[in-house]
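Each chain, letter by letter, is given below.
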Amino acid sequence: MYLTKEEELILAGEYGYALQKAMEILVALGEIYGAERLIPIKSAQIAGVSYKNIGDAGMEFLRDFADAGAKVSVYTTLNPAGMGDDEFMEKQREVLELYRRMGIEITSTCTPYYGANLPKFGDHIAWSESSAVSFANSILGARTNREGGPSSLAAAIVGRTPNYGLHLDENRKATVIVNVDAEVETFVDYAALGYHLGRTLGNDVPYLRGLKPERTELLKEMGAAMAASGSIALYHVEGETPEYRTAIAEELETITVEDSDIRAMREEFRDDWTDIDMILIGCPHASLGEVKEIAELLRMRGRPLRIPLFITASGAVKALADALGYTEIIERYNGRIIADVCFVVSPIKGWYRGIATNSGKSAFYFRSFGFSVRLDDAEDLIREAP
Amino acid sequence: MKLKGRKIVGGKAEGELIVSRKALSFLGGVDPETGIVTDAESDIRGQSIAGKILAFPRGKGSTVGSYVIYALKKNGKAPKAIIVGEAETIVATGAIIAGIPMVDGIDVSRLRSGERVKVDADSGEVEVPEPGE
């Protein structure tokens, strides 16, 4: 791989240990995946924030790195944190503090694009967090590989990433055409479609025909589900997403999705309300539009929920919801908006038995953690909940 | 006999091989305190990788596995070198931050647990005993 004079000096350790290690990571990945050079990035999004996920091992690395003077050189935001007991929260605060010391913005959300970190079309970025990667590539037309925590941190520090994978035009072309011959309208329909495609396609770049999403949140949800059940980092939707016109370069295999494929997921996650003791909205973190929708649904219901409803969102969305009065309405009906955290990365086993959600991604993870799961659209959840 | 691969992390090491025939996950798959493999699907489950030359086809699982490799090193339980068929992000990053010599592009099916090998990661070479030696 070609390195500039400055990059060579960083690699040789002339600028200190932290930059050297970060550069070593980037160069090794570039060599593994056949990059010809490094390219500058506009922003980074770092995963590996919950203490549940990184543990003492990750904390030790971050502490050594921060102590060595590691500092990010581009605008960098963080994934959501975890919630747990007092001991857990102490460790969690320490993790956040280590990231803060490296110059990272402590906006801990999987939807940085609803706040400060909004890339534009064609920007090269280094993001981890599979749902944010899918959103940035597919909906915004920015360019990122599916980074892991350490590689996105390394890219943030050096301000560059190896030029391979989804940074290159040729790898952004569709690899399979998906004819959606099914009714896909609601939030959960989109989640189910994403879940089905992730499971069926693995790491393809699907080109979807036959979708008319009424709002961006539906695509966000679909992308999150396909990135969780498979490893899809980019999809195109005919007539909708910014790169669809140039997405098809050759003749491609076509698959068809039918109503039965969509229904299959709904049937897979149909545990009884009697097994459910919590409702979760906001995976990926809710937009202001989703928060508003929940507030309106609660008002229509007209009586408080007997089980708690949690809406997870970024601090930015929560602040707007506070200012616009949605938070107050939601709290009146036994709901809460909680900012900058994530249930999926929290040690909540034992806190709840079963979770009702409209998110395909969290349904997938909570089932794998052993929870009962009920997947329904928000209006059904709020109408039918005890 | 010399097997030729590619340098991922430079350095040299010599020692006893431990060979996994299956992909290896470090997060939840190797105990960072002891170096013992705990991955339920692993064919070297229950054995220690500490101080050995560890060979396996490729990494799998969570990217947090990189930090587990770092913790193994800090706890003095890391392998002396890592040999893989195909390098991917998790193991490569772990080896870099831990400073463990690593080579990829080696046909690990030709390696046997218990053999003594020399790894020259700078040149990407692994020296194994001739059959019958």
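Source: prediction; values computed, not measured.

(A) Focus on the overall build of chain B. Scanning chain B from N- to C-terminus turns up 2 helices and 10 strands. Its helices and strands taken in sequence order, chain B reads β-β-β-β-β-β-α-β-α-β-β-β from the N to the C terminus. Its C-alpha radius of gyration of 13 Å places chain B within 12% of the 14 Å reference for a compact globule of 133 residues. Overall size of chain B, expressed as C-alpha extent along the three principal axes, is 35 × 25 × 25 Å. Taken across its 133 residues, chain B has 51% of its residues classed as buried. In chain B, of all internal contacts separated by at least 6 residues, the share reaching a separation of at least 24 is 69%. Looking at charge distribution, chain B has the averaged site of its 19 positive side-chain charges lying 2 Å from that of its 18 negative ones.

(B) Representation of the overall build of chain A within the structure. A count of helices and strands for chain A gives 14 helices and 15 strands. For 386 residues, the compact-globule estimate of 2.2 N^0.38 gives 21 Å, and the C-alpha radius of gyration of chain A, at 21 Å, lies within 12% of that figure. Summarising its shape, the C-alpha atoms of chain A cover approximately 65 × 55 × 35 Å along the three principal directions. The burial tally for chain A puts 60% of its 386 residues in the buried class. A separation threshold of at least 6 residues defines the contact pool for chain A, and within that pool the share at least 24 residues apart is 78%. When the accessible surface of chain A is split by element, carbon and sulfur atoms take 47% of a total near 15100 Å².

(C) How the structure looks around the interface of chain B and chain A. At the interface, 19 residues of chain B touch 22 residues of chain A. When chain B packs against chain A, the two sides together hide about 1700 Å² of surface, and 66% of this comes from carbon and sulfur. Three residues stand out in chain B for area buried against chain A, namely B:Tyr67, B:Tyr70 and B:Ile96, and they jointly supply 38% of the buried area on that side. For the pair chain B and chain A, the interface holds 1 salt bridge. Between B:Lys74 and A:Asp64 there is a salt bridge, with the nearest N and O atoms lying 2.7 Å from each other. Put simply, chain B and chain A have 5 residue pairs in polar contact (both at pLDDT 80 or more) between them. Examining the composition of the side of chain B that touches chain A, we find that 6 residues originate from one element, helix H1 (residues 65-74) of chain B, more than from any other.

(D) A look at the confidence of the model for chain B. Per-residue pLDDT for chain B averages 92, and the proportion of residues at 70 or more is 98%. In the predicted complex, the global pTM is 0.93; the interface-specific ipTM is 0.86.

(E) Broad picture of helix H6 (residues 149-158) of chain A. All names here are of chain A. Extensive coverage of H6 is indicated by the burial of 10 of its 10 residues. Of the residues making up H6, those classed as buried are Gly149, Pro150, Ser151, Ser152, Leu153, Ala154, Ala155, Ala156, Ile157 and Val158. Looking one or two places after H6, you find glycine 159, whose phi comes out positive at around 85 degrees.

(F) Structural context of the pattern of salt bridges. All names here are of chain A. Applying the stated criterion across every chain, the model contains 35 salt bridges over all chains. Linking arginine 374 and glutamate 384 is a salt bridge whose minimum nitrogen-to-oxygen distance equals 3.7 Å. You can see arginine 374 sitting in strand E15 (residues 372-375) and its partner glutamate 384 sitting in helix H14 (residues 378-384), a full 10 residues away along the chain.

(G) The arrangement of the sheet that holds strand E10 (residues 254-258) of chain A in detail. Residue and element names in this part refer to chain A. Taken in spatial order, the 4 strands line up as E9-E8-E7-E10 in an open sheet, and their pairing is parallel. In the strand order of this sheet, the two ends are held by strand E9 (236-237) and E10, each with one partner. Packing against the sheet, helix H9 (residues 259-268) makes contact with strand E7 (176-181) and E10, and its axis sits at approximately 55 degrees to E10.

(H) Highlighting H1(B). Across the 10 residues of H1(B), 8 count as buried, placing the element largely inside the fold. All of the buried residues in H1(B) are B:Gly65, B:Ser66, B:Tyr67, B:Val68, B:Ile69, B:Tyr70, B:Ala71 and B:Leu72. Structurally, H1(B) contributes buried residues whose contacts are with helix H3 (51-67), helix H4 (86-101) and H6 of chain A together with helix H2 (89-98) of chain B. Positive backbone phi, at 70 degrees, marks B:Gly76, one or two positions downstream of H1(B).

(I) A look at the sheet that holds strand E3 (residues 12-19) of chain B. All names here are of chain B. Taking strand neighbours across the sheet as the criterion, the 8 strands line up as E1-E10-E9-E3-E5-E7-E8-E2 in an open arrangement whose pairing is mixed. Two strands lie at the open edges of the sheet, namely strand E1 (2-4) and strand E2 (6-9), each paired on one side alone. Each neighbouring strand pair of the sheet contributes to a mean axis angle of 30 degrees, computed without reference to strand direction. Both E2 and strand E8 (residues 102-104) contribute to a ladder of 3 bridges, which runs antiparallel. The residue bridging lysine 7 from the neighbouring strand is valine 103, located in E8. Where H2 meets the sheet, its contacts fall on E2, strand E5 (53-56), strand E7 (81-84) and E8, and the angle it forms with E2 comes to roughly 60 degrees.

(J) Molecular detail of the pairing of E7(A). All names here are of chain A. Pairing geometry for E7 and strand E8 (residues 206-209), over 4 bridges, is parallel. When the bridges of E8 are listed, valine 176 appears paired with proline 206. Handedness of the crossover is the feature at issue here: the chain leaves E7, passes through helix H7 (residues 187-201), returns alongside E8, and the resulting connection is right-handed. Here E7 pairs with E10 via 5 bridges, running parallel.

(K) Layout of the nonpolar core. Counting 73 residues, the largest nonpolar core has A:Leu62, A:Tyr99, A:Met102, A:Leu153, B:Phe26, B:Tyr67 and B:Met102 as its most contacted members. Considering each element in turn, this core owes the most residues, 9 residues, to helix H2 (residues 17-32) of chain A. In this structure, A:Leu62 is in contact with A:Ile54, A:Val95, A:Leu98, A:Tyr99, A:Met102, A:Leu153 and B:Tyr67, ignoring residues within four places of it in sequence.

(L) Structural detail: unusual backbone geometry. All names here are of chain A. Looking along the chain, the bond that leaves cysteine 283 and enters proline 284 is cis, with omega of -5 degrees. Looking at where proline 284 falls in the secondary structure, it is placed in strand E11 (residues 278-286). Phi at asparagine 334 takes a positive value of approximately 75 degrees, unusual for a residue other than glycine. Tracing the backbone through its elements, the reader meets asparagine 334 in the loop between helix H12 (326-332) and strand E13 (335-339). Even without being glycine, aspartate 340 reaches a positive phi, approximately 65 degrees. With respect to the secondary-structure elements, aspartate 340 resides in the loop between E13 and strand E14 (354-357).

Quick notes on the rules
Residues numbered from 1 in each chain as written. Chains lettered and ligands numbered in written order. Predicted model: local features only at pLDDT ≥ 70, side-chain atom pairs only at ≥ 80, totals over all residues. Heavy atoms only, no water. Helix = DSSP H or I, 4+ residues; strand = E, 2+ residues; numbered from the N terminus. Rg over C-alpha atoms; globule rule 2.2 N^0.38 Å. Buried < 20%, exposed > 50% of the residue type's maximum accessible area, 1.4 Å probe, protein only. Contact = heavy atoms within 4.5 Å. Lys, Arg positive; Asp, Glu negative; His and termini not counted. Charge placed at Lys NZ, Arg CZ, Asp CG, Glu CD. Areas by Shrake-Rupley, 256 points an atom, 1.4 Å probe, with all protein chains shown as cover. Buried area = accessible area lost by both parts, 1.4 Å probe. Salt bridge = Lys/Arg side-chain N within 4 Å of Asp/Glu carboxyl O. Polar contact = N/O pair within 3.5 Å; in protein donor to acceptor, adjacent residues only side chain to side chain. pLDDT = per-residue confidence, 0-100. Pairing = 2+ DSSP bridges. Axes fitted to C-alpha atoms, helices over the stretch in contact; angles between N-to-C directions. Right-handed = clockwise from strand over helix to strand, strands pointing away. Core = buried A, V, L, I, M, F, W, Y, C linked by side-chain atoms within 4.5 Å.

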